[in-house]
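Spelled out, the chains give:
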Amino acid sequence: MGFVDKKCKWPCDPDIPPFSPDEARQLISQECPSWELHADGKKLVKHFDVADFSEARILANKVAEVGETEGHFPDIAFGWQYVNLTIYTHVVGGVCENDFILATKIDRVTG
């Protein structure tokens, strides 16, 4: 079962260790190759180029709906012709399964 078929676990267990940068890179390549690992090795990031501010707002709202459904919320920055997403789990100080579940579900709705 891939991450896209799972549901985020809430609340996240603070005793679960985050994935190491190497583990995260491997999971990115397998499950969500359009995402990148932030330079700090502790966050998933994705950038979208869009046509204008209205399209950026629409995309940001789609992503926000996925977060609401999963109970796990990405950081969303958007403006004229761009949307930037950052996902990590604050309580574990890095990326864990919930972050990959969210990333794959965001990919499903954003194409």
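Look above for the structure.
What counts, and where the lines are drawn
Residues numbered from 1 in each chain as written. Predicted model: local features only at pLDDT ≥ 70, side-chain atom pairs only at ≥ 80, totals over all residues. Heavy atoms only, no water. Helix = DSSP H or I, 4+ residues; strand = E, 2+ residues; numbered from the N terminus. Buried < 20%, exposed > 50% of the residue type's maximum accessible area, 1.4 Å probe, protein only. Pairing = 2+ DSSP bridges. Contact = heavy atoms within 4.5 Å. Axes fitted to C-alpha atoms, helices over the stretch in contact; angles between N-to-C directions. Patch = residues over 30% accessible without salt bridge, like charges linked within 9 Å, V, L, I, M, F, W, Y side chains within 5 Å. Areas by Shrake-Rupley, 256 points an atom, 1.4 Å probe, with all protein chains shown as cover. Salt bridge = Lys/Arg side-chain N within 4 Å of Asp/Glu carboxyl O. Core = buried A, V, L, I, M, F, W, Y, C linked by side-chain atoms within 4.5 Å. Phe/Tyr/Trp six-rings, centres within 6.5 Å; stacked < 30°, edge-to-face > 60°. Lys NZ or Arg CZ within 6 Å of the ring centre and 35° of its normal.

Considerations on unusual backbone geometry
Now for step 1: If you check the backbone angles, Gln81 has positive phi at about 70° while not being a glycine.
Now for step 2: Position of Gln81 relative to the elements: it lies in the loop between strand 3 (75-79) and strand 4 (82-87).
Now for step 3: What makes Gln81 partly exposed here is its relative accessible area of 36%.

Re the sheet that holds strand 3
Across a sheet, strands are paired by hydrogen bonds formed along the backbone, either parallel or antiparallel in direction.
Now for step 1: Read across the sheet, four strands follow the order 1-2-4-3 without closing on themselves; strand pairing throughout is antiparallel. Strands with a single pairing partner mark the edges of an open sheet, and in this sheet they are strand 1 (36-37) and strand 3.
Now for step 2: Where strand 2 (residues 44-49) and strand 4 come together, six bridges link them in antiparallel fashion. The residue of strand 4 that forms the bridge with Val45 is Thr86.
Now for step 3: Against the sheet, helix 2 (residues 53-70) makes contact with strand 2, strand 3 and strand 4, and its axis sits at roughly 165° relative to strand 3, the strand it touches most.

Digging into a nonpolar patch on the surface
Now for step 1: Judged by side-chain polarity, Phe53, Ile76, Phe78 and Trp80 come together as a nonpolar surface patch covering roughly 400 Å² of accessible area.
Now for step 2: Tracing the sequence through the fold places Phe78 in strand 3.
Now for step 3: For Phe78, a relative accessible area of 34% puts it in the partly exposed group.

Concerning the pattern of salt bridges
Now for step 1: This model, assessed by the stated rule, comprises seven salt bridges.
Now for step 2: As a salt-bridge pair, Glu97 and Lys9 come within 2.6 Å of each other at their nearest N and O atoms. With Glu97 in helix 3 (residues 97-110) and Lys9 in the segment before helix 1 (21-31), this residue pair connects regions lying 88 residues apart in the sequence.
Now for step 3: What makes Lys9 partly exposed here is its relative accessible area of 48%.
Now for step 4: Between Asp40 and Lys43 there is a salt bridge, with its nearest N and O atoms 2.5 Å apart.
Now for step 5: Residues joined by salt bridges that share partners form a network here, namely Lys6, Lys9 and Glu97.

What to know about the nonpolar core
Now for step 1: Of all hydrophobic cores here, the largest spans 24 residues; its most connected members are Trp35, Leu44, Leu85, Ile87, Phe100 and Ile106.
Now for step 2: Contributions of two or more residues to this core are made by helix 1, strand 2, helix 2, strand 4 and helix 3.

Re the packing of aromatic side chains
Now for step 1: Per the counting criterion, the structure on display carries three aromatic pairs.
Now for step 2: Each ring, one from Phe3 and one from Phe100, has its centre 5.6 Å from the other, and the planes form 25°; the classification is stacked. Residue Phe3 is located in the segment before helix 1, and its partner Phe100 is located in helix 3; the two are separated by 97 residues in the primary sequence. Grouping residues by exposure puts Phe3 and Phe100 together as buried.
Now for step 3: On the basis of an interplanar angle of 75° and a centroid distance of 5.8 Å, the ring pair of Phe19 and Phe100 is categorised as edge-to-face. Of this pair, Phe19 sits in the segment before helix 1 while Phe100 sits in helix 3, and the two are 81 residues apart along the sequence.
Now for step 4: Through a chain of ring-to-ring contacts, the aromatic side chains of Phe3, Phe19 and Phe100 assemble into a single cluster.
Now for step 5: The ring of Tyr88 has Lys43 sitting right over it, with the charged end atom 5.2 Å from the ring centre.

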